[in-house]
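The chain contents come next:
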Amino acid sequence: MQTEIEIKFFVARDIQESLSNLLNSLEIISFSRVELGNVYFDTPELDLRRLDMGLRIRRSDKFSEQTIKCRGQVVGGLHARPEYNAPVSGTLPTLAAFPAEIWPSLELRDALQDQLVAQFRTDFVRRYWLIAFEGAEIELAWDRGEIVGSLGRSEIDELELELKSGAANALFALAARLAGLGGVRLGAQSKAQRGYLLAGLGKPLAVQPLPDVGGLAAAAGITLGLQHWQHHEQLWLESEGVERQQALAGIVQGVTLLSEAAATLAVAPPWLPPLLAQHASLAQEADGERLSALLHGADYVGLQLAIAAWLHLGH
């Protein structure tokens, strides 16, 4: 087993030139390019999804591998999920190839095996660079392609930073360099989550009630506020009309909750003043085009990264 620790960005505009300039300033250990075809599996009743598991077969010209990802955590664009990989030769995954302890019972595992069907696929070109940065080795992958489900197709244009060795603070430092390019946004949705929606098997994003943080520690309130903020940010980008107005209100609620929790700390975190400034900008901005630019701005994304780093690195 390995625990995948990565930071994901969604790309909103052409960043080829600026990314190339950034890469030219870094120590590149290696570079590769590969075309990847991925088929995701579940039962017709989505039993794996209910277990918070994601199952796929990934193929290229050089390998074929099955992967299962288990329950993890996504905070501020940082994805941390245990995953298990095994070779595969057939068209269906073999669940017995994964460790027995990840399953509630072996009887359930075997029952799931008999019901597995392909649900959707993702096809993309991955270019990836292994980078030596601040004593760590970090893989930067740029995925461009599409997700294909029964309801249609959706573009993939994502940057992912994955920590291969070293300290997580280097991962956040390199992520801040990427955020500084502009035109990117922290991504909480995985390809699998988007695929389930395109297969008609997931629940569309919706306005969520503000979480109750009464009695919780400040860090828990900050985490919930950040999640509420980013959930409604994604909803705002996908919606229109009244729902878009409600999504903006949810963004502002999340930032308010986060800032109120941070204000209770004995020592104010360094990101609190810029957070309060962003809160004022978000609360006053009604123009859709300007707000979209704000959500992809380097200062805005850098602020979310700073909060996520503060949470993940133990403040």
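Just above sits the structure.
As the structure is a prediction and not an experimental result, all values here were calculated from the model.

1. Re the overall build of the protein
Here is step 1 of the chain: Check the secondary structure of the protein and you find ten helices and ten strands.
Here is step 2 of the chain: Each principal axis of the C-alpha distribution contributes one length, and for the protein these read about 55 × 45 × 40 Å.
Here is step 3 of the chain: Relative to its 315 residues, the protein shows a buried fraction of 49%.
Here is step 4 of the chain: Surface exposure of the protein reaches about 14,700 Å², of which carbon and sulfur atoms provide 51%.
Here is step 5 of the chain: Seen as two clouds, the 26 positive and the 38 negative side-chain charges of the protein have centres 3 Å apart.

2. Notes on helix H5 (residues 191-198)
Think of an α-helix as 3.6 residues a turn; residues three or four steps apart then line up on the same face.
Here is step 1 of the chain: In terms of burial, H5 is largely enclosed, as six of its eight residues are buried.
Here is step 2 of the chain: For H5, the full list of buried residues reads Lys191, Ala192, Arg194, Gly195, Tyr196 and Leu198.
Here is step 3 of the chain: Gly200 sits one or two residues past H5 and shows a positive phi near 75°.

3. Comments concerning the pairing of strand E4 (residues 64-69)
Looking along a regular strand, one sees the side chains alternate between the two faces of the sheet.
Here is step 1 of the chain: Pairing of strand E3 (residues 54-59) with E4 involves six bridges; the strand directions are antiparallel. Paired with Leu55 across the two strands is Ile68, which belongs to E4.

4. Quick notes on the nonpolar core
Here is step 1 of the chain: In this structure, Phe9, Leu19, Leu159, Trp229 and Ile307 are the most contacted members of the largest nonpolar core, which totals 58 residues.
Here is step 2 of the chain: Top element by residues in this core is helix H10 (residues 298-312). It accounts for nine residues.
Here is step 3 of the chain: Beyond its immediate sequence surroundings of up to four residues, Trp229 is in contact with Ile251, Gly254, Val255, Leu258, Leu275, Tyr300, Leu303, Gln304 and Ile307.
Here is step 4 of the chain: If you look at the next biggest cluster of nonpolar residues, it comprises 16 residues, including Phe41, Ala86, Trp103 and Leu116.

5. Focus: the packing of aromatic side chains
The relation between two aromatic rings is expressed through the spacing of the ring centres and the mutual angle of the planes.
Here is step 1 of the chain: Applying the stated rule across the entire model yields five aromatic pairs.
Here is step 2 of the chain: Their ring planes at 15° and their centres at 4.8 Å tell us that Tyr40 and Phe120 sit as a pair that is stacked. Of this pair, Tyr40 sits in strand E2 (residues 27-42) while Phe120 is found in strand E7 (residues 117-133), placing the two residues 80 residues apart along the sequence.
Here is step 3 of the chain: By relative accessible area, which is 8% here, Tyr40 ends up buried.
Here is step 4 of the chain: A centroid spacing of 5.7 Å and a plane angle of 85° characterise the contact between Trp229 and Tyr300, whose relative ring orientation is edge-to-face.

6. Description of the packing of helix H8 (residues 272-284) against H10
Here is step 1 of the chain: With their axes 11 Å apart at the nearest point, H8 and H10 run at an angle of 135° to one another. Considered as vectors, H8 and H10 are oriented oblique to each other. Seen along the crossing, H8 lies across H10 with a hand that is left-handed. Residues Pro274, Leu275, Gln278 and Leu282 of H8 pack against Asp299, Tyr300, Leu303 and Ile307 of H10.
Here is step 2 of the chain: Grouping the amino acids of the contact of H8 with H10 by side-chain chemistry returns six nonpolar, one polar and one charged.

Rules of the game
Each chain carries its own residue numbering, running from 1 in the written order of its sequence. Two thresholds apply to this predicted model, a pLDDT of at least 70 for residue-level local features and 80 or more for giving and counting side-chain atom pairs, whereas whole-chain, interface and lining totals are computed over all residues. Remark: hydrogens and water are excluded; side-chain values derive from all non-hydrogen atoms of the structure. Only DSSP runs of H or I covering at least 4 residues are called helices, and only runs of E covering at least 2 are called strands; the numbering of each starts at the N terminus. Here's how the labels work: a residue is buried when its accessible area is under 20% of the maximum for its type, exposed when over 50%, partly exposed in between, all with a 1.4 Å probe on protein chains only. Note on areas: Shrake-Rupley, 1.4 Å probe, and residue coverage restricted to the protein chains presented here. Neither His nor the chain ends contribute to the count of charged residues, in which Lys and Arg are positive and Asp and Glu negative. Every charge is mapped to an atom, namely NZ of Lys, CZ of Arg, CG of Asp or CD of Glu. Strands are labelled as partners when DSSP assigns at least two bridges between them. Note on terminology: a nonpolar core comprises buried Ala, Val, Leu, Ile, Met, Phe, Trp, Tyr and Cys residues joined through side-chain atoms within 4.5 Å. Pairs of residues are marked as contacts when any of their non-hydrogen atoms sit within 4.5 Å. Between the rings of Phe, Tyr and Trp (Trp by its six-membered ring), a pair exists once the centres lie within 6.5 Å; its type follows the angle of the planes, with under 30 degrees stacked, over 60 edge-to-face, and the other angles tilted. Geometry is summarised by axes, namely lines fitted to C-alpha atoms with helices restricted to the contacting stretch, and by angles between N-to-C directions that run from 0 to 180 degrees. Working definition: roughly parallel below 35 degrees, roughly antiparallel above 145 degrees, roughly perpendicular at 65 to 115 degrees, and oblique for all remaining angles. Crossing handedness is defined as follows: a turn of the near helix away from the far one that is anticlockwise and smaller than a right angle gives a left-handed crossing, while the clockwise case is right-handed. When residue character is reported, Ala, Val, Leu, Ile, Met, Phe, Trp, Tyr, Cys and Pro are called nonpolar, Asp, Glu, Lys and Arg charged, and the others, Gly included, polar.

Shape is all these values report; function is a separate question.
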